[in-house]
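Residue-level listing of the chains:
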Amino acid sequence: WNATGISVGLYFLTSLAADTFNPQIITLLTTACFGSAFFVNSVITGLDKLKFVAAGWWTLTVFFAAFYEEADAETLLILSAASLFLLLIPGYLLKNMLRDKD
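## A few points about a nonpolar patch on the surface
Now for step 1: Among the surface-exposed residues, L84, F85, L88, I89, Y92 and L93 lie close enough to one another that they form a single nonpolar patch of about 630 Å² accessible area.
Now for step 2: Within the fold, L93 resides in helix 4 (residues 73–101).

## Digging into the packing of helix 1 (residues 2–17) against helix 2 (residues 23–45)
Now for step 1: Between helix 1 and helix 2, the shortest axis-to-axis distance is 9 Å and the interhelical angle comes to 170°. When the interaxial angle is binned, helix 1 and helix 2 end up roughly antiparallel. Each of T4, S7, V8, Y11 and F12 in helix 1 lies in contact with helix 2, whose residues at this interface are I25, I26, L29, T30, C33, F34 and A37.

## Some remarks on the pattern of salt bridges
Now for step 1: If you walk through the whole model with that rule in mind, you get 1 salt bridge.
Now for step 2: K51 is the salt-bridge partner of D48, the closest N and O atoms lying 3.7 Å from each other.
Now for step 3: D48 sits in the partly exposed class, given a relative accessible area of 48%.
Now for step 4: By relative accessible area, which is 33% here, K51 ends up partly exposed.

Definitions and cut-offs
The written sequence of each chain sets the order in which its residues are numbered from 1. It should be noted that, the model being predicted, local features are given only for residues of pLDDT at least 70 and side-chain atom pairs only at 80 or more, the latter also being counted only at that level, while totals for whole chains, interfaces and linings use all residues. Only heavy atoms go into the side-chain values, all of them from the structure, while hydrogens and water stay out. Think of a patch as exposed residues, more than 30% relative accessible area, with no salt bridge, where like charges cluster within 9 Å and nonpolar side chains (Val, Leu, Ile, Met, Phe, Trp, Tyr) cluster within 5 Å. Each accessible area value is a Shrake-Rupley result obtained with a 1.4 Å probe; residue values ignore everything except the protein chains displayed when judging cover. One side-chain nitrogen of Lys or Arg within 4 Å of one carboxyl oxygen of Asp or Glu is enough to make a salt bridge. Helix and strand labels come from DSSP, where a helix needs a run of H or I of at least four residues and a strand needs a run of E of at least two; each type is numbered from the N terminus. Here, axes are lines fitted to C-alpha atoms. For helices the fit covers the stretch in contact, and angles between N-to-C directions go from 0 to 180 degrees. In this scheme, roughly parallel covers angles under 35 degrees and roughly antiparallel covers those over 145, while 65 to 115 is roughly perpendicular and the rest are oblique. Whether two residues are in contact is decided by their heavy atoms: any pair within 4.5 Å suffices. Three labels apply to residues, based on accessible area from a 1.4 Å probe with only protein chains included: buried if under 20% of the type maximum, exposed if over 50%, partly exposed otherwise in between.

Shown next as structure tokens:
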């Protein structure tokens, strides 16, 4: 997860400093990195359900690569919903699994 944050952060800061920031690229990079992070997390922890979360992020990557033209309200709404369903819910479930083991 640290590598995911560092990768996205490096692109963001470097592109801002070089005045080459592109919202489409950072959206694709972020969704692909999140998918990869969830997939690796699934393999390491043995929680195969997280592979579905990874597939969700990768589906968003394909969707944004095919249909994304500019940052508009619909794009932000899709990313907000994705964050809710593909970040908060798995995080909540993982937190509850950890609490149940204690």
